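This is what each chain is made of:
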Amino acid sequence: MIYKGKTYNTFGEVFNLGLKLAKENNEEAQEFFKEYIKYIVTCNNCSIDEATEIAQRNFGYFAGYYNQDVCDIIYKTYGTSHPIFGDKPFEVSPEKAYQTGLEIGKSL
């Protein structure tokens, strides 16, 4: 993804910029997220609606690896939540998370 002339090669780089912008400037964070959605459309040949869902799932899932404060910022700024555990991923025990992962893996 290219944003304002800079290339972001990994989702970690994209997410970290999204987090930085969410903390500093909500208007620019929204602009950035729209560009990320356009990037998904281009890469996946999908609709804006489908790309928006993908972007929100990506950000919601990745935020779950951080603390509650980061989750709250990401969820509020980008209108998302964890795609499996909702807006309270920290209320899920490690055992439940593991079991859910197994069940999802078996269903694929």
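What comes next is a walk through the structure. (Residues numbered from 1 in each chain as written. Predicted model: local features only at pLDDT ≥ 70, side-chain atom pairs only at ≥ 80, totals over all residues. Heavy atoms only, no water.)

Observations concerning the overall build of the protein chain
When helices and strands are tallied, the protein chain shows 5 helices and 2 strands. Listing the helices and strands of the protein chain from first to last along the sequence gives β-β-α-α-α-α-α. Viewed in the frame of its principal axes, the protein chain has a C-alpha envelope of about 45 × 30 × 25 Å. Out of the 108 residues belonging to the protein chain, those deemed buried represent 31%. Put simply, of all contacts in the protein chain between residues at least 6 apart along the chain, 39% involve residues at least 24 apart. For the protein chain, the accessible surface area stands at approximately 6900 Å², while carbon and sulfur atoms represent 50% of it. Within the protein chain, the 15 negative side-chain charges are centred at a point lying 2 Å from the centre of the 11 positive side-chain charges. (Helix = DSSP H or I, 4+ residues; strand = E, 2+ residues; numbered from the N terminus. Buried < 20%, exposed > 50% of the residue type's maximum accessible area, 1.4 Å probe, protein only. Contact = heavy atoms within 4.5 Å. Areas by Shrake-Rupley, 256 points an atom, 1.4 Å probe, with all protein chains shown as cover. Lys, Arg positive; Asp, Glu negative; His and termini not counted. Charge placed at Lys NZ, Arg CZ, Asp CG, Glu CD.)

Details of the side chain of Thr100
By the element assignment, Thr100 lies in helix α5 (residues 94-107). Beyond its immediate chain neighbours, meaning those up to four positions away, Thr100 contacts Ile84 and Phe85.

Some remarks on the packing of helix α1 (residues 11-24) against helix α4 (residues 68-78)
Taken N-terminus to C-terminus, the directions of α1 and α4 make an angle of 80 degrees; their axes are 10 Å apart at the nearest point. Put simply, α1 runs roughly perpendicular to α4. For the pair α1 and α4, contact is made by Phe15, Gly18, Leu19, Ala22 and Lys23 and by Val70, Ile73, Ile74, Thr77 and Tyr78, respectively. Of the residues in the contact of α1 with α4, the class split is 7 nonpolar, 2 polar and 1 charged. (Axes fitted to C-alpha atoms, helices over the stretch in contact; angles between N-to-C directions. Parallel < 35°, antiparallel > 145°, perpendicular 65-115°, else oblique. Nonpolar A, V, L, I, M, F, W, Y, C, P; charged D, E, K, R; others polar.)

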